[in-house]
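Spelled out, the chains give:
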Amino acid sequence: MQKWSAPPTISRSYLADHTYEVLCEAIRSGELAHGTPLHENEIATRVGVSRTPVREALRRLQLEGLATKTMNGSLIVSEVTLKLITEAFALRKLLEGYAANEAAKVTTEADVARMQAIIDEAQQAVLEGRSDRLPELNDRFHGSIEALANNSLLKKTTHMLREQTVAYHAFVLGQPVQQQSFVDDHKAILTALAEGDGERAQKLAVQHLETALKLILMQPNEKQSEKH
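Cut-offs used in this document
- Residues numbered from 1 in each chain as written.
- Predicted model: local features only at pLDDT ≥ 70, side-chain atom pairs only at ≥ 80, totals over all residues.
- Heavy atoms only, no water.
- Core = buried A, V, L, I, M, F, W, Y, C linked by side-chain atoms within 4.5 Å.
- Buried < 20%, exposed > 50% of the residue type's maximum accessible area, 1.4 Å probe, protein only.
- Helix = DSSP H or I, 4+ residues; strand = E, 2+ residues; numbered from the N terminus.
- Contact = heavy atoms within 4.5 Å.
- Salt bridge = Lys/Arg side-chain N within 4 Å of Asp/Glu carboxyl O.
- Axes fitted to C-alpha atoms, helices over the stretch in contact; angles between N-to-C directions.
- Parallel < 35°, antiparallel > 145°, perpendicular 65-115°, else oblique.
- Left-handed = near helix turned anticlockwise from the far one by under 90°.
- Nonpolar A, V, L, I, M, F, W, Y, C, P; charged D, E, K, R; others polar.
- Phe/Tyr/Trp six-rings, centres within 6.5 Å; stacked < 30°, edge-to-face > 60°.
- Lys NZ or Arg CZ within 6 Å of the ring centre and 35° of its normal.
- Expected span 1.5 Å × (residues − 1).

For the rest of this paragraph, the subject is the nonpolar core. Ranked by size, the top nonpolar core spans 25 residues in total, and within it Met 115, Phe 141, Ile 145, Ile 189 and Leu 193 carry the most contacts. Mapped by element, the contributors of at least two residues to this core are helix H4 (82–103), helix H5 (109–127), helix H6 (134–149), helix H9 (176–194) and helix H10 (198–217). In this view, Phe 141 contacts Met 115, Ile 118, Ile 119, His 186, Ile 189 and Leu 190; residues no more than four positions away in its chain are not counted. Among the nonpolar cores identified, the runner-up in size contains 21 residues, and Cys 24, Val 47, Leu 66 and Ala 67 belong to it.

And the structure:
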(Lines give C-alpha, C1' and ligand atoms only; values in the text may rest on other atoms or scores of the structure.)
Protein backbone atom coordinates (compact mmCIF):
# COMPACT_ATOMS: atom_id res chain seq x y z
CA MET A 1 0.00 0.00 0.00
CA GLN A 2 1.54 3.31 -1.10
CA LYS A 3 1.82 5.86 1.71
CA TRP A 4 0.62 9.41 1.12
CA SER A 5 2.62 12.42 2.31
CA ALA A 6 2.52 12.96 6.06
CA PRO A 7 1.73 16.46 7.39
CA PRO A 8 4.56 18.47 9.03
CA THR A 9 2.54 19.79 11.99
CA ILE A 10 0.26 18.34 14.65
CA SER A 11 -2.53 20.92 14.75
CA ARG A 12 -5.85 19.08 14.64
CA SER A 13 -7.43 21.52 12.20
CA TYR A 14 -4.35 21.40 10.00
CA LEU A 15 -4.33 17.62 10.05
CA ALA A 16 -7.96 17.54 8.93
CA ASP A 17 -7.31 20.11 6.17
CA HIS A 18 -4.20 18.25 5.05
CA THR A 19 -6.05 14.94 4.92
CA TYR A 20 -8.89 16.54 2.95
CA GLU A 21 -6.44 18.01 0.40
CA VAL A 22 -4.63 14.67 0.05
CA LEU A 23 -7.93 12.89 -0.62
CA CYS A 24 -9.05 15.55 -3.11
CA GLU A 25 -5.78 15.22 -5.00
CA ALA A 26 -6.14 11.42 -5.04
CA ILE A 27 -9.65 11.80 -6.48
CA ARG A 28 -8.44 14.43 -8.95
CA SER A 29 -5.63 12.22 -10.22
CA GLY A 30 -7.85 9.16 -10.50
CA GLU A 31 -5.92 7.27 -7.83
CA LEU A 32 -9.22 7.10 -5.93
CA ALA A 33 -11.68 6.30 -8.71
CA HIS A 34 -15.44 6.70 -8.42
CA GLY A 35 -16.87 3.94 -6.25
CA THR A 36 -13.64 3.37 -4.31
CA PRO A 37 -14.37 2.59 -0.62
CA LEU A 38 -13.04 5.18 1.84
CA HIS A 39 -11.90 3.34 4.98
CA GLU A 40 -10.84 5.47 7.95
CA ASN A 41 -8.12 3.08 9.12
CA GLU A 42 -6.52 2.72 5.70
CA ILE A 43 -6.55 6.47 5.04
CA ALA A 44 -5.13 7.21 8.50
CA THR A 45 -2.27 4.80 7.87
CA ARG A 46 -1.48 6.15 4.43
CA VAL A 47 -1.58 9.81 5.47
CA GLY A 48 0.13 9.20 8.81
CA VAL A 49 -2.54 10.69 11.07
CA SER A 50 -5.08 9.46 13.60
CA ARG A 51 -8.65 8.59 12.69
CA THR A 52 -10.06 11.87 14.07
CA PRO A 53 -8.78 14.18 11.29
CA VAL A 54 -9.65 11.49 8.74
CA ARG A 55 -13.21 11.44 10.05
CA GLU A 56 -13.42 15.24 9.75
CA ALA A 57 -11.98 15.18 6.24
CA LEU A 58 -14.45 12.50 5.14
CA ARG A 59 -17.33 14.48 6.61
CA ARG A 60 -16.22 17.47 4.51
CA LEU A 61 -16.03 15.30 1.40
CA GLN A 62 -19.61 14.19 2.05
CA LEU A 63 -20.84 17.75 2.52
CA GLU A 64 -19.23 18.76 -0.79
CA GLY A 65 -20.63 15.75 -2.62
CA LEU A 66 -17.29 14.04 -3.21
CA ALA A 67 -18.13 11.09 -0.97
CA THR A 68 -21.39 9.17 -0.68
CA LYS A 69 -22.79 6.68 1.83
CA THR A 70 -23.97 3.39 0.39
CA MET A 71 -27.04 1.43 1.49
CA ASN A 72 -24.93 -0.55 3.95
CA GLY A 73 -23.48 2.61 5.50
CA SER A 74 -20.00 2.47 3.99
CA LEU A 75 -18.45 5.52 2.38
CA ILE A 76 -17.29 5.60 -1.25
CA VAL A 77 -15.98 8.16 -3.73
CA SER A 78 -19.04 9.69 -5.36
CA GLU A 79 -20.05 8.89 -8.91
CA VAL A 80 -20.06 11.94 -11.15
CA THR A 81 -22.99 11.80 -13.56
CA LEU A 82 -23.58 13.80 -16.71
CA LYS A 83 -26.50 15.46 -14.94
CA LEU A 84 -24.28 16.59 -12.06
CA ILE A 85 -21.63 17.93 -14.43
CA THR A 86 -24.21 19.89 -16.42
CA GLU A 87 -25.85 21.30 -13.29
CA ALA A 88 -22.49 22.27 -11.81
CA PHE A 89 -21.47 24.15 -14.94
CA ALA A 90 -24.84 25.92 -15.15
CA LEU A 91 -24.26 27.34 -11.68
CA ARG A 92 -20.61 28.07 -12.37
CA LYS A 93 -21.54 30.17 -15.41
CA LEU A 94 -23.83 32.31 -13.28
CA LEU A 95 -21.43 32.68 -10.36
CA GLU A 96 -18.12 32.96 -12.19
CA GLY A 97 -19.60 35.32 -14.76
CA TYR A 98 -20.82 37.54 -11.93
CA ALA A 99 -17.43 37.28 -10.21
CA ALA A 100 -15.63 38.43 -13.37
CA ASN A 101 -17.97 41.42 -13.70
CA GLU A 102 -17.38 42.40 -10.07
CA ALA A 103 -13.63 41.82 -10.29
CA ALA A 104 -13.32 44.18 -13.26
CA LYS A 105 -14.41 47.05 -10.99
CA VAL A 106 -11.43 46.67 -8.66
CA THR A 107 -8.62 44.99 -10.64
CA THR A 108 -5.29 46.79 -10.15
CA GLU A 109 -2.02 46.63 -12.06
CA ALA A 110 -0.63 44.42 -9.32
CA ASP A 111 -3.57 42.04 -9.73
CA VAL A 112 -3.00 41.93 -13.48
CA ALA A 113 0.68 41.17 -13.00
CA ARG A 114 -0.08 38.37 -10.55
CA MET A 115 -2.67 36.76 -12.83
CA GLN A 116 -0.43 37.20 -15.87
CA ALA A 117 2.23 35.19 -14.02
CA ILE A 118 -0.28 32.35 -13.62
CA ILE A 119 -1.10 32.51 -17.33
CA ASP A 120 2.61 32.46 -18.18
CA GLU A 121 3.05 29.31 -16.09
CA ALA A 122 0.10 27.69 -17.85
CA GLN A 123 1.50 28.69 -21.25
CA GLN A 124 4.82 27.09 -20.39
CA ALA A 125 3.06 23.95 -19.16
CA VAL A 126 1.24 23.63 -22.49
CA LEU A 127 4.49 24.05 -24.42
CA GLU A 128 6.17 21.39 -22.27
CA GLY A 129 3.22 18.99 -22.50
CA ARG A 130 2.69 19.20 -18.73
CA SER A 131 -1.10 18.91 -18.73
CA ASP A 132 -0.90 17.63 -15.14
CA ARG A 133 -0.04 21.17 -14.00
CA LEU A 134 -2.91 22.87 -15.80
CA PRO A 135 -5.85 22.10 -13.45
CA GLU A 136 -4.09 23.68 -10.47
CA LEU A 137 -3.08 26.74 -12.49
CA ASN A 138 -6.62 27.01 -13.84
CA ASP A 139 -8.01 26.97 -10.31
CA ARG A 140 -5.50 29.62 -9.24
CA PHE A 141 -6.52 31.90 -12.10
CA HIS A 142 -10.25 31.60 -11.45
CA GLY A 143 -9.65 31.75 -7.69
CA SER A 144 -7.90 35.10 -8.18
CA ILE A 145 -10.97 36.48 -9.93
CA GLU A 146 -13.23 35.22 -7.16
CA ALA A 147 -10.97 36.78 -4.53
CA LEU A 148 -11.25 40.15 -6.30
CA ALA A 149 -15.04 39.80 -6.34
CA ASN A 150 -14.75 39.84 -2.52
CA ASN A 151 -17.69 37.54 -1.83
CA SER A 152 -16.77 34.72 0.54
CA LEU A 153 -19.96 32.73 -0.11
CA LEU A 154 -19.45 32.91 -3.87
CA LYS A 155 -15.83 31.78 -3.50
CA LYS A 156 -16.80 28.87 -1.27
CA THR A 157 -19.62 27.79 -3.59
CA THR A 158 -17.58 27.93 -6.81
CA HIS A 159 -14.77 26.00 -5.13
CA MET A 160 -17.24 23.31 -4.10
CA LEU A 161 -18.69 23.12 -7.63
CA ARG A 162 -15.23 22.71 -9.14
CA GLU A 163 -14.31 20.04 -6.60
CA GLN A 164 -17.48 18.06 -7.38
CA THR A 165 -16.30 17.57 -10.95
CA VAL A 166 -12.60 17.62 -10.10
CA ALA A 167 -11.73 14.58 -12.22
CA TYR A 168 -13.23 16.21 -15.33
CA HIS A 169 -10.90 19.13 -15.91
CA ALA A 170 -11.24 20.06 -19.57
CA PHE A 171 -7.64 21.24 -19.45
CA VAL A 172 -6.50 17.63 -19.01
CA LEU A 173 -9.09 16.05 -21.29
CA GLY A 174 -8.34 18.30 -24.24
CA GLN A 175 -5.62 18.04 -26.86
CA PRO A 176 -2.73 20.58 -26.88
CA VAL A 177 -4.58 22.83 -29.32
CA GLN A 178 -7.59 22.92 -26.99
CA GLN A 179 -5.39 23.47 -23.95
CA GLN A 180 -3.83 26.43 -25.76
CA SER A 181 -7.33 27.73 -26.48
CA PHE A 182 -8.11 27.71 -22.75
CA VAL A 183 -4.92 29.66 -22.02
CA ASP A 184 -5.92 32.16 -24.70
CA ASP A 185 -9.34 32.44 -23.03
CA HIS A 186 -7.63 33.38 -19.78
CA LYS A 187 -5.57 36.01 -21.59
CA ALA A 188 -8.73 37.54 -23.06
CA ILE A 189 -10.50 37.55 -19.69
CA LEU A 190 -7.49 39.20 -18.05
CA THR A 191 -7.41 41.90 -20.75
CA ALA A 192 -11.07 42.69 -20.05
CA LEU A 193 -10.37 42.85 -16.31
CA ALA A 194 -7.37 45.13 -16.85
CA GLU A 195 -9.52 47.47 -18.94
CA GLY A 196 -12.29 47.46 -16.35
CA ASP A 197 -14.78 46.05 -18.84
CA GLY A 198 -17.02 43.98 -16.55
CA GLU A 199 -19.59 43.04 -19.16
CA ARG A 200 -16.96 41.68 -21.54
CA ALA A 201 -15.17 39.87 -18.73
CA GLN A 202 -18.45 38.23 -17.72
CA LYS A 203 -19.28 37.22 -21.29
CA LEU A 204 -15.81 35.73 -21.83
CA ALA A 205 -15.92 33.84 -18.53
CA VAL A 206 -19.25 32.27 -19.47
CA GLN A 207 -18.05 31.34 -22.97
CA HIS A 208 -14.92 29.81 -21.45
CA LEU A 209 -17.02 27.52 -19.25
CA GLU A 210 -19.36 26.63 -22.10
CA THR A 211 -16.38 25.50 -24.19
CA ALA A 212 -15.03 23.43 -21.30
CA LEU A 213 -18.40 21.75 -20.73
CA LYS A 214 -18.75 20.82 -24.42
CA LEU A 215 -15.32 19.21 -24.35
CA ILE A 216 -16.11 17.25 -21.19
CA LEU A 217 -19.42 15.98 -22.57
CA MET A 218 -17.67 14.79 -25.73
CA GLN A 219 -15.49 12.37 -23.74
CA PRO A 220 -16.05 8.58 -23.87
CA ASN A 221 -18.61 7.25 -21.41
CA GLU A 222 -16.17 5.14 -19.38
CA LYS A 223 -15.42 8.25 -17.29
CA GLN A 224 -19.02 9.34 -17.09
CA SER A 225 -22.31 7.84 -16.10
CA GLU A 226 -25.53 8.31 -18.04
CA LYS A 227 -27.57 7.94 -14.85
CA HIS A 228 -29.89 10.80 -13.88
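Let us now look at the pattern of salt bridges. Under the counting rule described, the total for this entry stands at 20 salt bridges. With a shortest N-O distance of 2.4 Å, Glu 87 and Lys 83 are connected by a salt bridge. Of the two residues, Glu 87 and Lys 83 both sit in helix H4, four residues apart, roughly one turn of that helix. Look at the salt bridges and you will find they share partners, linking Arg 92, Glu 96, Asp 139, Glu 146 and Arg 162 into a network.

Here we take up the packing of H6 against helix H7 (residues 152–164). Here H6 crosses H7 at 160 degrees, and the two axes come no closer than 9 Å. In terms of orientation, H6 lies roughly antiparallel with respect to H7. For the crossing formed where H6 meets H7, the hand is right-handed. Contacts between H6 and H7 involve Asp 139, His 142, Gly 143, Glu 146 and Ala 147 from the first element and Leu 154, Lys 155, Thr 158 and Arg 162 from the second. Class assignment for the residues of the contact of H6 with H7 results in two nonpolar, three polar and four charged.

Its place among the elements puts Phe 141 in helix H6. Judged by relative accessible area, which is 0%, Phe 141 ranks as buried. Distance from Phe 141 to Leu 190, taken between C-alpha atoms, is 9.5 Å for residues 49 residues apart in sequence.

One pass over the structure, following the stated rule, counts zero aromatic pairs. Over the ring of Tyr 20 we find Arg 60; its NZ or CZ atom is 3.6 Å from the centre of that ring. Looking at Arg 92, its charged tip hangs above the ring of Phe 89, at a distance of 4.9 Å from the centre.

Time to look at H10. Along its 20 residues, H10 runs 29 Å from first to last C-alpha, staying within 8% of the 28 Å computed at 1.5 Å per residue. Along H10, the residues that are buried comprise Gly 198, Ala 201, Leu 204, Ala 205, His 208, Leu 209, Ala 212, Leu 213, Leu 215 and Ile 216.

Turning to unusual backbone geometry, a few remarks are in order. Positioned with a positive phi, Asn 150 is a non-glycine residue whose angle comes to about 55 degrees. Inspection of the secondary structure puts Asn 150 in the loop between H6 and H7.

Moving on, we come to the packing of H4 against H10. Two elements in contact, H4 and H10, have axes whose closest approach is 7 Å; the angle formed by their N-to-C orientations is 165 degrees. Between H4 and H10, the crossing angle belongs to the class labelled roughly antiparallel. As H4 packs across H10, the resulting crossing turns out to be right-handed. Judged by residue contacts, Leu 82, Ile 85, Thr 86, Phe 89, Arg 92, Lys 93, Glu 96, Gly 97, Tyr 98, Ala 100 and Asn 101 of H4 engage Gly 198, Glu 199, Ala 201, Gln 202, Ala 205, Val 206, Leu 209, Glu 210, Ala 212, Leu 213, Ile 216 and Leu 217 from H10. Across the contact of H4 with H10, the residue classes break down as 13 nonpolar, five polar and five charged.

Let us look at the environment of Asp 132. Here Asp 132 is to be found in the loop between H5 and H6. Note: C-alpha distance between Asp 132 and Ser 29 (103 residues apart in sequence) is 8.7 Å.

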